[in-house]
Amino acid sequence: SRAIGVGGVYHTGVEVGGVEYGFGFHDQPMTGVWKQVPRQLPADFARGKSQHAVSVDMGDAFVSPRELQRIIKEVSDEFRGCDYSVLHRNCNHFSADLCMRLVGRTPPKWINSAANKGARVHKALAPIGSG
């Protein structure tokens, strides 16, 4: 990855109210959002070969429990597992969306830099593949 300047590939979730919310792929037309103990990925995530690396403090979410529940329901409806895309709709896109709704800003761009660079390459090569 260093040769093309990608950096790392990161999974993210959003911790709020003592719960971490994440997003991932499955092939069913239902939510891909799950909740977990903060900083403890499910045992079957990435075949158990992932570990927590760093937390980024995004600030405090000043929402009521009822408002939080409404926001989580909205993002759960919008982020279906079958719509997951490594380049265009991944866990980092989910985290950015949820952070924007909760605190009005998105995580640092480096978190999703690998997917963003991959998406630019994919877009640049798409006309070649369609010819």
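All of the points below concern the structure found in this document.

### Regarding the packing of aromatic side chains
Phase 1: Overall, the coordinates contain five aromatic pairs when judged by the stated rule.
Phase 2: Taking the centre distance of 5.3 Å and the plane angle of 80° together, the rings of Tyr10 and Trp110 count as edge-to-face. With Tyr10 in the segment before strand 1 (14-16) and Trp110 in the loop between helix 2 (91-103) and helix 3 (113-129), this pair connects stretches of sequence that are 100 residues apart.
Phase 3: Among the residues examined, Tyr10 registers a relative accessible area of 34% and is labelled partly exposed.
Phase 4: According to the relative accessible area criterion, Trp110 is partly exposed, its value standing at 40%.
Phase 5: For the pair Phe23 and Tyr84, a centre-to-centre distance of 5.6 Å together with 40° between the ring planes defines the contact as tilted. With Phe23 in strand 2 (residues 19-23) and Tyr84 in the loop between helix 1 (65-78) and helix 2, this pair connects stretches of sequence that are 61 residues apart.
Phase 6: Since its relative accessible area comes to 1%, Phe23 is described here as buried.
Phase 7: One cation-aromatic arrangement involves Arg89 over Phe79; the distance from NZ or CZ to the ring centre is 3.8 Å.

### Points about helix 1
Phase 1: Here helix 1 is 14 residues long and its end C-alpha atoms lie 20 Å apart, about the 20 Å a rise of 1.5 Å per residue gives.
Phase 2: For helix 1, the set of buried residues is Leu68, Ile71, Ile72, Val75 and Ser76. Summarising the axial view, the buried residues of helix 1 lie within an arc of 135°, below the 170-degree limit, and thus occupy one face. Opposite the packed face of helix 1, turned more than 90 degrees from it, sit the exposed residues Arg66, Gln69 and Lys73.
Phase 3: Close packing links the buried residues of helix 1 with strand 1, strand 2, strand 3 (33-36) and helix 2.

### Thoughts on the sheet that holds strand 2
Phase 1: One open sheet accounts for three strands, arranged 1-2-3; its pairing is antiparallel. Each of the sheet's edge strands pairs with one partner strand only, and the pair in question is strand 1 and strand 3. Adjacent strand axes in the sheet meet at a mean angle of 30°, parallel and antiparallel pairs treated alike.
Phase 2: Alignment of strand 1 against strand 2, held across three bridges, turns out to be antiparallel. Bridging across to strand 2, Val16 finds its partner in Val19.

Definitions and limits used
- Residues numbered from 1 in each chain as written.
- Predicted model: local features only at pLDDT ≥ 70, side-chain atom pairs only at ≥ 80, totals over all residues.
- Heavy atoms only, no water.
- Phe/Tyr/Trp six-rings, centres within 6.5 Å; stacked < 30°, edge-to-face > 60°.
- Helix = DSSP H or I, 4+ residues; strand = E, 2+ residues; numbered from the N terminus.
- Buried < 20%, exposed > 50% of the residue type's maximum accessible area, 1.4 Å probe, protein only.
- Lys NZ or Arg CZ within 6 Å of the ring centre and 35° of its normal.
- Expected span 1.5 Å × (residues − 1).
- Arc of directions from axis to C-beta.
- Contact = heavy atoms within 4.5 Å.
- Pairing = 2+ DSSP bridges.
- Axes fitted to C-alpha atoms, helices over the stretch in contact; angles between N-to-C directions.

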